[in-house]
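Per-entry structural report
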Amino acid sequence: MKRILGVVLIFTTIYSCGPSKNTTAVKPLYEVLSVREDGGASIRFFEILSETREIKMLQNDEELKNKISASDLNESNFVILNMGEKQTLGYNITVKKVVEMPDKIIITVEDREPKTQNVPEQDVYYYPCTIVKVNSKKEIVVE
């Protein structure tokens, strides 16, 4: 009986230590690719890029080109969150939460102001923006 139990124990150990199943890593629902204090648009608006040709334009950006893969062109959407014109540095627009619904993705954003008020520079403006990759091709709504 001890011999049988020993053999069963050995096979159980070998089986459990064997090669693991090939599982694919689950991508997060979204990734913030870039938060910039300057480089966005002069007015506040949100742009959703879902077509391959639009997304390929992002790959021309030096900071983003290594963050966007060939598979992202068909599997992901991108959102450019523009905060609009600001007179000092320190502003940014952040993703507060992202919720996946059966038919769409809802992104809630929040404007962040500098912790200390800087004296505005005369005739110098900044255009904060954030670029988000959404690992889904569902419709996107920004609130």
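**Section: the overall build of the protein**
Assigned secondary structure in the protein consists of three helices and seven strands. In sequence order, the protein lays out its α and β elements as α-β-β-α-α-β-β-β-β-β. With 143 residues in all, the protein has 31% of them scored as buried. Long-range pairs, those at least 24 residues apart, make up 78% of the contacts in the protein with a sequence separation of at least 6.

**Brief notes about the nonpolar core**
Counting residues in each nonpolar core, the largest one holds 14 residues, and the members touching the most others are Val 79, Leu 81, Ile 107, Val 134, Ile 140 and Val 142. Contributions of two or more residues to this core are made by β3 (77-82), β4 (92-100), β5 (104-112), β6 (129-134) and β7 (139-142). In contact with Val 134, other than residues within four places in its own chain, are Leu 29, Tyr 30, Glu 75, Ser 76, Asn 77, Val 79, Ile 105, Ile 107 and Ile 140. Counting 10 residues, the second largest nonpolar core, distinct from the first, contains Leu 49, Leu 58, Ile 68 and Ile 80.

**Things to note about the confidence of the model for the protein**
When pLDDT is averaged along the protein, the result is 87, and 83% of the positions lie at 70 or above. Residue range residues 5-9 is modelled with pLDDT below 50. Its contacts to residues more than four positions away, or to other chains, number zero contacts.

**Side note on the pattern of salt bridges**
Taken as a whole, this structure holds 13 salt bridges when the rule is applied. Lys 133 serves as the salt-bridge partner of Asp 72, at 3.2 Å between the closest nitrogen and oxygen. With Asp 72 in helix α3 (residues 72-75) and Lys 133 in strand β6, this residue pair connects regions lying 61 residues apart in the sequence. The exposure class of Lys 133 is buried, given its relative accessible area of 5%. The network of salt bridges with shared partners includes Lys 27, Glu 31, Asp 72, Glu 75 and Lys 133.

**Considering the pairing of β7**
On β7, burial follows the alternation: Ile 140 and Val 142 on one face are buried, whereas Glu 139 and Val 141 on the facing-out side are not. By the bridge criterion, four bridges tie β5 to β7 in an arrangement that is parallel. Paired with Ile 106 across the bridge in β7 is Val 141.

**As for the environment of Tyr 30**
The residue Tyr 30 is located in strand β1 (residues 30-36) in this model. By relative accessible area, Tyr 30 is classed as partly exposed at 29%. For Tyr 30 and Val 132, which are 102 residues apart along the polypeptide, the C-alpha to C-alpha distance reads 6.9 Å. Discounting residues that sit within four places of it in the chain, Tyr 30 has contacts with Val 95, Val 98, Val 132, Lys 133, Val 134 and Asn 135.

What counts as what
Residues numbered from 1 in each chain as written. Predicted model: local features only at pLDDT ≥ 70, side-chain atom pairs only at ≥ 80, totals over all residues. Heavy atoms only, no water. Helix = DSSP H or I, 4+ residues; strand = E, 2+ residues; numbered from the N terminus. Buried < 20%, exposed > 50% of the residue type's maximum accessible area, 1.4 Å probe, protein only. Contact = heavy atoms within 4.5 Å. Core = buried A, V, L, I, M, F, W, Y, C linked by side-chain atoms within 4.5 Å. pLDDT = per-residue confidence, 0-100. Salt bridge = Lys/Arg side-chain N within 4 Å of Asp/Glu carboxyl O. Pairing = 2+ DSSP bridges.

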